[in-house]
Every structure is written in C-alpha cells, then in structure tokens.
Amino acid sequence: MPSVPMEMRRPARRGFLRGAALLLALAAPASVARAQGTREDYARAERFLGPNAQELVIDDAVQPHWFGPNRFWYRNRSADGYEFLVVDATTGIRRPAFDQTRLAAALSVAADTAYDPHTLPFREIRFVNGDSAVRFSVGATRAWTCSVVRYTCTGPDTLPVENVTEVPSPDGRWVAFTRQDNLWVREAATGREIQLTNDAEPDDGYAKPTGCCAQVTVQVRHIPQRPVLVWSPDSKYIATYKMDERHVRRMYLLETKSPAFVLHSYPYALPGDSVVPTYDTYVFDVAARHGVKVDRPSQQAVNTTCCWLTTQDSVVKDVKWDPTSEHLFMTYGYRGYHQLDLLDVDPATGHARTVLTEKSKTFVETNLASGGVPDWRPLSHGRQVIWFSERDGWAHLYLYDARTGALEHRITEGDWTVGDVLRVDETGGWVYFTARGREAGRDPYFRFLYRIHLDGTGMQLLTPENADHDVSLAPSGAEFLDSYSRLDATPVTVVRRMDGTLVHEVQRADASRLFALGWKYPTPIVVKARDGVTDLYGVLYRPANFDSTKRYPIVDYIYPGPQTGPIGDRTFDSGLRNSNAAMAQLGFFIVEIDAMGTPFRSKAFHDTYYGNMHDNGIPDLVTGIKQLAVRYPQIDLDRVGIYGHSGGGFSSTDAMLTYPDFFKVAVSRAGNHDNRSYDYTWGEKYQGLLVKTSDSTDNYDSQANQNFAANLKGKLLIMYGTMDDNVSPVNSLLLINALIKANKNFDLLVLPNRNHGFGNEPYVLRRTWDYFVQNLLGVTPPLGIALHVPSGP
C-alpha cells in the first residue's frame with residue numbers, strides 16, 4: 001500500500017550531538033547574516049530529528065518482548081546508555097537481564113574487540129539454555145551466545161538468532177519450511193525431512209510471501225522470508241495457500257550498476273486487469289503426509305485489512321483455527337470488496353460451509369487499523385464466532401452461532417469504534433479489546449483497553465488515564481503492560497491485572513534533557529471539517545523562537561489514507577519520531593490533520609471520498625488551515641506549503657493542482673499519482689472497480705494527477721526511487737511527462753536504486769527542508785549541510 005513513512009523510528013546512537021557540532025563548524029561568512037542564522041536553524045532542527053530527539057528521553061515507553069507466561073525483557077535508554085531489563089509481570093519487579101559490564105568484557109575477549117557495556121552492539125536478545133544464556137547478532141551474519149551465569153561467549157556462527165524461514169509447531173515436534181516453493185516439514189528431534197508437496201512452479205507456489213509491495217527488494221537484498229502458514233493448536237495440521245501469479249501482468253525496474261542496468265521484473269496486477277493473483281487454501285495432515293484443498297473456487301487475492309494477505313511478519317490474517325483444531329475458519333473475498341464470506345472448513349476433508357456473509361456498498365473491513373489482525377474469533381469448539389462489522393455505521397463486535405449462521409446478539413454498541421480484539425477468555429466469559437471514541441471529552445483517537453462479557457453486559461474500562469494507551473497482554477492472560485502518553489505528555493509504563501488494577505509502575509519517562517535544548521510539546525488542535533459541523537483532530541508544531549509579532553509560513557504534512565491518517569497514534573513518541581518537530585525549527589508552522597476519509601471514526605466519515613480519491617481530504621485541510629490562521633494570526637496564508645510521501649506524495653501534488661492559489665509549494669515523494677498504475681487491491685478497494693465510460697475514459701480519470709498538470713502555478717519538487725517496487729516509478733513519470741507537455745516548470749530528484757522507503761534518508765530530508773526554506777521563507781539554504789541521522793544502537 002502507499003505506506004505511511006515510519007519516520008525516524010530507530011533509536012539513535014549515543015553521542016549524536018557531535019554531528020550537530022560539526023554542522024555549526026561549517027559556518028557561513030559573517031557578512032551573510034540570514035544565511036548564518038539559517039545554518040544555526042538547521043543544526044537545531046537536526047538535533048530534534050526523530051532518533052536524535054528520542055536519544056534524549058530517559059526511561060521512555062517500554063516495548064516488551066515476552067518470554068514465558070508472564071515475563072518480558074526490553075531495551076531501555078538510561079542516563080548512562082542502553083540497558084537490558086527483565087520484568088516479572090506478576091510482581092512488577094524489574095531487574096537487569098544480565099550484568100552488562102561482565103557480558104561486555106566477555107564479548108570483548110571472545111570477539112577481540114572492545115565493547116562498552118552501555119552501548120552493546122546489539123538491540124535484540126533471545127534467552128536460551130533455560131534462560132542461562134542470551135543469544136544475539138552482531139552485524140548481519142555474526143551470531144553469539146553468551147552465558148549469563150559464567151559470562152563466557154561462544155561464536156560467532158552464521159546460524160540466525162531466530163530462523164524466520166521456519167515455523168515450529170506448537171508442541172515443538174515439527175518445523176515447517178519451504179524449498180523451491182514446495183512445503184516441507186522436519187522432525188525437530190531427528191532432523192528427518194518430509195516433503196508435503198511437489199507441484200510448485202515459478203510464480204505458483206505454497207506458503208510464499210507474495211503480492212505488493214516489496215518483491216524485488218526482497219530478492220535484491222536477500223531478505224529472509226517467513227513461510228505463510230498457520231499450525232493447528234494440536235500440531236496435527238498446517239493450513240496455507242498456493243498462490244498463482246503465473247499469468248499476472250509483469251512490472252519492470254532498472255537497477256543501476258556498472259557497467260550497465262540490471263532489469264528486474266515481478267508480477268503486479270493493476271485495477272481493471274482481467275488476471276490477478278489467485279490462491280487456493282490447503283490443509284495438510286503432517287503425520288499422514290496428505291493435503292486437501294478447501295472446496296471453493298480459486299479465490300482472487302483481496303485483503304480484509306490493509307494491506308495484502310499477511311501481517312508484516314508474514315502471518316496469515318484470514319485463516320484461524322478453533323481451539324480444538326476441529327474447525328478451520330477462513331474468509332473468502334471478492335474483487336470490489338463489497339462482500340466477504342466466513343467459511344467453516346473441515347480440516348480432514350476440505351469441505352467448506354458458509355457461516356455468514358458481510359456486505360457493504362463501499363468496502364468491507366475486518367479491522368480499521370492498517371496491518372491489523374482481523375477482529376473475528378472462533379469460539380467454543382467451533383460452535384460460535386465473534387464477528388466484526390460496521391453495519392450500523394460504527395465498528396463493533398457481534399456473536400454468531402457458527403453452526404447455523406444466526407446472529408445471537410451484538411456484543412458492543414455505541415457511537416465509537418472497536419480497535420483490536422486482544423484476547424477472548426471463554427472460561428471467564430470476557431472479550432478484551434481496544435477502542436476509540438467512547439470516553440466523552442477525550443481525544444476520539446486515544447486507544448483505551450476494555451473488557452465486556454460475551455453476552456454484551458458489564459463493559460469495563462481497564463486503562464482510565466486520559467491518554468493514548470499502548471497495551472501488550474502477557475501470554476498467561478493474567479496481566480498486561482500499559483504504556484500511556486499523549487502528544488503533549490511523556491510516557492508512563494505500568495503493569496496491570498486483567499481487571500485493570502495496578503500491579504506496579506515500571507517506569508516514568510524523563511524528557512528534561514530534551515526540553516533543556518528548547519524542544520516544546522506540539523499543540524493538539526480541533527477544527528471543523530468542510531461541512532462546518534464535523535470536528536477534525538490534528539496537531540500543530542510552532543516555529544522555533546516563536547515571536548507573536550511576526551508572520552510565518554505554514555506547511556501541511558499530508559497522508560490522506562484511506563487506511564490511516566498522517567498522525568497515527570497519539571503517543572508522545574509519535575510526535576518525536578517524525579521530522580515535523582525538527583522542520584518547525586527552521587521557521588515554519590507544521591500542521592497534521594486527520595481529514596475526512598481516514599479511519600477510526602464512523603463508517604460514513606471513512607467513506608467520505610470513496611470512489612473519488614481526487615478528494616484526498618484536501619477540502620478539510622484548506623478550511624482547517626484557514627481556521628488556524630484566525631486562531632493564530634501569525635500564520636501567513638499567502639505562504640502555505642504541503643508535503644507527503646507515497647499516498648502523501650499523490651495528495652500533495654493533487655493539492656497543488658486542485659487548489660493552486662492556496663498551496664504555493666509542495667514536495668511530493670514516491671507518489672501513486674495515478675492509481676491505475678498502482679496495485680489493484682488499493683484502487684479497487686477505495687476508487688471502485690475500473691469501469692470504462694468511453695473508448696478513452698474511465699472512472700479513474702478524475703483521480704489521475706497528470707490530467708490536471710496544466711493547473712500548476714507554484715513550486716513542485718517530485719521525488720521517486722528507481723527501484724520502487726511498491727509504487728512504480730511510472731506514476732511519477734506519467735506526471736512528469738504531462739507537466740512537460742503543459743510547459744510547466746517543476747523540480748525533480750531521482751534516487752537511484754532506492755525502493756519505496758527513502759523518505760527518512762538524511763539527503764532527502766535536507767532537500768525537503770531546503771525546498772521550503774528557499775520557496776516559502778525566501779532564503780537561500782546554506783551550502784554544505786549534511787544531516788546526521790544515527791542508524792545503529
């Protein structure tokens with residue numbers, strides 16, 4: 001999908017301030033006063049780039065890695081550096097995972113390299129040998145095992161810390177893997193291998209991670225991939241699919257190499273194509289070495305939550321076992337996204353029975369979150385199923401009789417949205433889930449954890465603080481970790497029992513070092529939408545050294561969705577990890593608004609521009625910025641800019657061409673400027689099936705930016721990567737060709753061999769800043785600036 005740039009998510013290396021000092025050393029001549037000031041602005045902005053700013057926060061929000069029923073480890077930023085800690089969720093007791101000084105000494109001896117205990121050369125660990133040792137990787141291929149009892153290290157070896165190319169069975173007896181796209185298993189105790197299939201062909205294989213949007217990237221970078229399959233709870237069966245892309249349209253990319261290009265091709269269907277990827281679902285009885293195909297016609301590959309058929313970890317989203325392994329449930333979708341069937345499959349025979357059918361005039365979804373796991377769950381030996389639906393205009397849960405398909409009753413209701421179903425406790429009769437918008441007077445995008453009885457009674461709020469709650473449940477189901485914060489409040493991490501009672505406060509973030517350098521909280525904002533009635537929520541970053549007597553340009557950071565908005569979660573870290581706080585240091589107001597057409601509100605809100613992606617929520621941005629200019633008269637409406645990446649690249653150009661007298665400058669990166677040239681699952685879901693209206697026109701014409709190229713008045717910088725296997729470069733080239741035909745001036749940055757995710761590169765960030773500094777501030781950017789964005793631990 002056109003991805004939301006996960007800007008600056010990786011924590012930074014200590015000592016980054018040396019980079020800022022180097023920038024200041026590149027001083028401009030004293031005679032150029034404003035250029036000197038701009039150079040200092042860039043140094044300050046660099047300091048507040050995501051990883052650099054995050055480096056200054058001590059005891060930040062906890063990202064847990066559970067091991068065992070109720071323990072987790074996490075990597076924490078302390079005043080001295082990084083530390084690995086272990087927490088017992090039952091007691092809330094926190095302790096060091098190991099003695100870092102002794103482990104650094106042992107690793108230094110074994111590797112013949114000096115390591116600092118506060119900057120150990122790894123970010124992930126795995127407890128092994130009964131938790132008496134940890135295993136980790138140093139670099140791409142060197143894996144070490146260190147005893148945390150004797151403090152000796154062995155290695156390096158080339159075995160991965162965790163082999164993602166294999167999937168162990170729940171009982172640990174078997175390991176499933178693929179070889180030349182056929183499915184195999186290996187007996188863990190003996191190493192004996194069993195081949196379960198032998199009919200795979202190129203582009204027609206089993207358990208193969210496939211589809212948009214990184215096929216070439218995976219090939220070129222040799223990225224290991226997890227087989228797409230799911231074991232039954234009793235370890236008897238494997239459910240997977242066989243994906244057929246043999247006759248799908250091919251797309252092409254040119255890799256820049258000396259002495260000549262290298263051509264790459266990959267299957268990639270577009271809206272309206274008669275041939276798209278199809279797949280059949282299979283169930284294999286491992287012991288019997290026998291598989292059956294689910295008795296339904298080959299299914300056209302469509303997603304039920306954005307985007308594609310698996311999670312980011314290559315876990316199948318739309319296939320789930322009941323707890324007894326007697327029933328396999330799966331969804332069966334159709335192009336156009338207007339209908340989704342839930343099937344109950346007999347794993348022994350492959351016989352499938354339709355349990356229920358969900359329909360929508362726009363599109364059916366099973367979770368509103370991009371990448372979310374579908375919010376339906378089989379229960380009670382396959383006798384009941386929890387189902388997710390927006391049929392009443394809001395995202396809610398319903399309980400069905402899985403044997404008859406009859407609705408028993410709804411579980412949740414109200415003008416708010418269910419988020420993620422995290423656990424179903426059938427013994428206690430509870431469903432645990434996150435939700436947004438239920439708590440009056442609070443930001444409707446804040447996530448809270450709730451539980452409710454399966455009969456729809458006794459709903460309880462488990463995370464009461466007025467904040468956005470990022471929760472993680474212990475495997476035991478007895479406790480959960482809750483890190484809560486806001487864009488304007490630092491994180492607090494606590495352990496709670498499943499009834500919400502507090503066990504222990506794990507840690508409370510300290511951002512005093514960040515604030516001491518002049519960082520300020522962004523300002524949450526509320527404006528009215530285009531209809532003058534609907535509240536829209538956003539965030540405003542003010543210029544550095546704000547002077548109420550001056551006027552400043554404003555830049556909108558846009559991501560139109562429809563699968564998410566520009567802001568994402570409302571946590572403190574969300575405001576740190578993007579580049580907007582940094583960019584504001586250069587003298588801009590920066591605004592982000594979740595416009596109509598984005599999720600997590602009502603179904604009608606989400607459907608605002610279904611079938612008209614040319615809208616992109618831009619009318620809401622225009623009216624919202626005008627309202628902000630009344631509230632903050634320092635905003636100069638004659639100097640409005642806009643930028644974005646991917647879907648934001650598409651919509652920022654759209655804004656320039658549709659509202660050329662309002663938006664004066666845009667930076668558009670990796671844009672899907674014509675969704676006829678983008679993945680069919682995207683356009684057909686949000687624009688609808690492609691329909692010819694004449695020999696030369698269709699219902700996608702209105703969303704294609706190149707058709708409006710003649711409207712360009714302001715300054716436009718287009719960026720794309722030549723190896724973008726998500727949004728093909730053809731999208732940008734169609735726009736460029738139209739601008740040339742219209743005799744329009746524009747600027748262009750082509751990034752050789754970059755795939756879709758180039759938005760965080762220091763050079764790209766600097767060029768983005770330069771463009772707005774020159775064309776909105778009216779100042780020539782200083783030469784020689786090289787931003788330093790740490791990438792390691």
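It should be noted that the structure appears before, not after, this text.
A brief structural summary. These numbers come from a predicted model, not from an experiment.

What counts as what
Residues numbered from 1 in each chain as written. Predicted model: local features only at pLDDT ≥ 70, side-chain atom pairs only at ≥ 80, totals over all residues. Heavy atoms only, no water. Helix = DSSP H or I, 4+ residues; strand = E, 2+ residues; numbered from the N terminus. Buried < 20%, exposed > 50% of the residue type's maximum accessible area, 1.4 Å probe, protein only. Contact = heavy atoms within 4.5 Å. Areas by Shrake-Rupley, 256 points an atom, 1.4 Å probe, with all protein chains shown as cover. Lys, Arg positive; Asp, Glu negative; His and termini not counted. Charge placed at Lys NZ, Arg CZ, Asp CG, Glu CD. Core = buried A, V, L, I, M, F, W, Y, C linked by side-chain atoms within 4.5 Å. Pairing = 2+ DSSP bridges. Salt bridge = Lys/Arg side-chain N within 4 Å of Asp/Glu carboxyl O. 1 Å grid on protein atoms, 1.4 Å probe; cavity = no way out; pocket = protein on both sides within 12 Å on 5 of 7 lines; lining within 4 Å. Points joined across faces, edges and corners; volume = space filled by probe spheres on them. Nonpolar A, V, L, I, M, F, W, Y, C, P; charged D, E, K, R; others polar. Disulfide = S-S within 2.5 Å. Expected span 1.5 Å × (residues − 1). Patch = residues over 30% accessible without salt bridge, like charges linked within 9 Å, V, L, I, M, F, W, Y side chains within 5 Å. Axes fitted to C-alpha atoms, helices over the stretch in contact; angles between N-to-C directions. Polar contact = N/O pair within 3.5 Å; in protein donor to acceptor, adjacent residues only side chain to side chain. Phe/Tyr/Trp six-rings, centres within 6.5 Å; stacked < 30°, edge-to-face > 60°. Lys NZ or Arg CZ within 6 Å of the ring centre and 35° of its normal.

We now examine the overall build of the protein chain. Of the regular secondary structure elements, the protein chain holds 14 helices and 44 strands. Counting only C-alpha atoms and orienting by the principal axes, one finds that the protein chain spans roughly 80 × 75 × 65 Å. Taken across its 793 residues, the protein chain has 59% of its residues classed as buried. Long-range pairs, those at least 24 residues apart, make up 60% of the contacts in the protein chain between residues at least 6 apart in sequence. Total accessible area on the protein chain stands at roughly 30400 Å², and carbon and sulfur atoms take up 50% of it. Side-chain charges of the protein chain comprise 83 positive and 91 negative groups, with the mean position of each set lying 4 Å from the other.

Core analysis: the largest hydrophobic core is formed by 62 residues, its most contacted members being Phe433 and Phe663. Leaving out residues up to four positions away in the same chain, Phe433 has contacts with Thr412, Trp416, Val418, Asp420, Val421, Leu422, Phe448, Leu449, Tyr450, Arg451, Ile452 and Met459. Counting residues in each nonpolar core, the second largest holds 47 residues, with Phe588, Leu765, Leu776 and Val789 among its members.

Taken in spatial order, the 4 strands line up as S9-S10-S11-S12 in an open sheet, and their pairing is antiparallel. Two strands bound the open sheet, and with one partner strand each, they are strand S9 (167-168) and strand S12 (193-195). Of the pairings in the sheet, the one linking strand S10 (residues 174-179) to strand S11 (residues 182-187) comprises 6 bridges and is antiparallel in character. Note that in S11 the partner of Ala176 across the bridge is Val185.

What follows deals with the pattern of salt bridges. For the coordinates displayed, the defined rule picks out 45 salt bridges. Measuring nitrogen to oxygen at the nearest pair gives 3.0 Å for the salt bridge that ties Asp203 to Arg250. You can see Asp203 sitting in the loop between S12 and strand S13 (204-206) and its partner Arg250 sitting in strand S16 (residues 250-255), a full 47 residues away along the chain. A relative accessible area of 29% places Arg250 in the partly exposed class. Notably, a salt bridge pairs Asp636 with Arg639, separated by 2.9 Å at the nearest N-O pair. For Asp636, a relative accessible area of 10% corresponds to the buried category. Relative accessible area serves as the criterion here: at 22%, Arg639 is assigned to the partly exposed category. Because the salt bridges share partners, they merge into one network encompassing Asp199, Glu201, Asp204, Lys242, Asp244 and Arg246.

Per the counting criterion, the structure on display carries 9 cavities of 30 Å³ or more. When its volume is computed, the largest cavity comes out at roughly 90 Å³. Every residue lining the largest cavity is listed: Thr240, Tyr241, Tyr279, Thr281, Gln299, Leu309, Val316, Asp318, Val319, Met330 and Thr331. Of all the elements in the fold, those that place two or more residues in the lining of the largest cavity are strand S15 (237-244), strand S18 (278-285) and strand S22 (328-333). Partitioned by chemical class, the residues of the lining of the largest cavity number 6 nonpolar, 4 polar and 1 charged.

By definition, a disulfide is the covalent link that joins the sulfur atoms of two cysteine residues. One pass over the full model with this rule turns up 2 disulfides. With a sulfur-sulfur separation of 2.1 Å, Cys146 is cross-linked through a disulfide to Cys153. On the sign convention where negative is left-handed, the bridge of Cys146 and Cys153, at about 110 degrees about the S-S bond, is right-handed. Taken as a pair, Cys146 and Cys153 share a single burial class, namely buried.

Below, the discussion takes up unusual backbone geometry. In this structure, the amide linkage connecting Ser258 to the following residue, Pro259, adopts the cis form with an omega of 10 degrees. Its location among the elements puts Pro259 in the loop between S16 and strand S17 (262-267). Across the junction of Gly561 and Pro562, the peptide omega takes the value 10 degrees, indicating a cis bond. Structurally, Pro562 can be placed in the loop between strand S39 (552-557) and helix H7 (572-577). Even without being a glycine, Tyr337 presents a positive backbone phi close to 65 degrees.

Moving on: helix H11 (residues 647-658). In this model H11 runs 16 Å from its N-terminal to its C-terminal C-alpha over 12 residues, within 8% of the 16 Å that 1.5 Å per residue would give. Burial analysis of H11 places 11 of its 12 residues in the buried class, the great majority of the element. Among the residues making up H11, those that are buried are Gly647, Gly648, Gly649, Phe650, Ser651, Ser652, Thr653, Asp654, Ala655, Met656 and Leu657. On its buried face, H11 sits against helix H10 (618-631), strand S41 (635-645), strand S42 (665-669), strand S43 (715-721) and helix H13 (730-741).

Among the surface-exposed residues, Tyr252, Leu254, Phe261 and Leu263 lie close enough to one another that they form a single nonpolar patch of about 450 Å² accessible area. Relative to the elements of secondary structure, Phe261 occurs in the loop between S16 and S17. A relative accessible area of 55% places Phe261 in the exposed class.

Further remarks concern the sheet that holds strand S23 (residues 339-345). The strand order across the open sheet built from 4 strands is S21-S22-S23-S24, with neighbouring strands paired in antiparallel fashion. Each having just a single partner strand, strand S21 (319-321) and strand S24 (352-359) make up the two edges of the open sheet. Taking each pair of neighbouring strands and ignoring which way they run, the sheet shows an average axis angle of 20 degrees. For S21 and S22, the ladder comprises 3 bridges, and the chain directions are antiparallel. Residue Lys320 lies in a different strand from S22, and its bridge partner there is Phe329.

Structurally, the position occupied by Gln100 is in helix H4 (residues 100-111). For Gln100, a relative accessible area of 11% corresponds to the buried category. Among the polar contacts made by the side chain of Gln100, one reaches the main-chain amide nitrogen of Phe84 at a distance of 2.6 Å. When near neighbours in sequence (up to four residues on either side) are disregarded, Gln100 contacts Tyr82, Glu83, Phe84, Pro117 and Leu120.

Below, the discussion takes up the pairing of strand S19 (residues 290-293). Examined bridge by bridge, S18 and S19 share 4 bridges and lie antiparallel to one another. In the strand pairing of S19, Asp285 is matched with His290. Hairpin connection of S18 to S19: 4 residues between the antiparallel strands, including Arg289 at a positive phi of 55 degrees.

In a regular helix each residue adds 1.5 Å, so 12 residues correspond to 16 Å; H4 covers 16 Å between its end C-alpha atoms and thus fits that length. All buried positions along H4 are accounted for by Gln100, Leu103, Ala104, Ala106, Leu107, Ser108 and Ala111. Next to the buried residues of H4 lie strand S3 (82-88), strand S6 (133-138), strand S7 (142-147) and strand S8 (153-157). Positioned one or two residues after H4, Asp112 has a phi angle of 55 degrees, which is positive.

Any pair of aromatic rings gets described here by the distance separating the centres and the angle formed by the planes. Evaluated as defined, the whole model comprises 39 aromatic pairs. Grouped by ring-pair contacts, the aromatic residues Trp73, Phe84, Phe98, Phe122 and Phe136 constitute a single cluster. If you follow Arg179 out to its NZ or CZ, it ends over the ring of Trp184, 4.5 Å from the centre. The ring of Phe546 is capped by Arg542, whose NZ or CZ atom sits 5.5 Å from the centre of that ring.

With respect to the helices and strands, the residue Ala104 is situated in helix H4. Overall, Ala104 belongs to the buried group, its relative accessible area being 2%. With 652 residues separating them along the chain, Ala104 and His756 place their C-alpha atoms 37 Å apart. Among residues more than four places away in sequence, those in contact with Ala104 are Tyr115, Asp116, Pro117 and Leu120.

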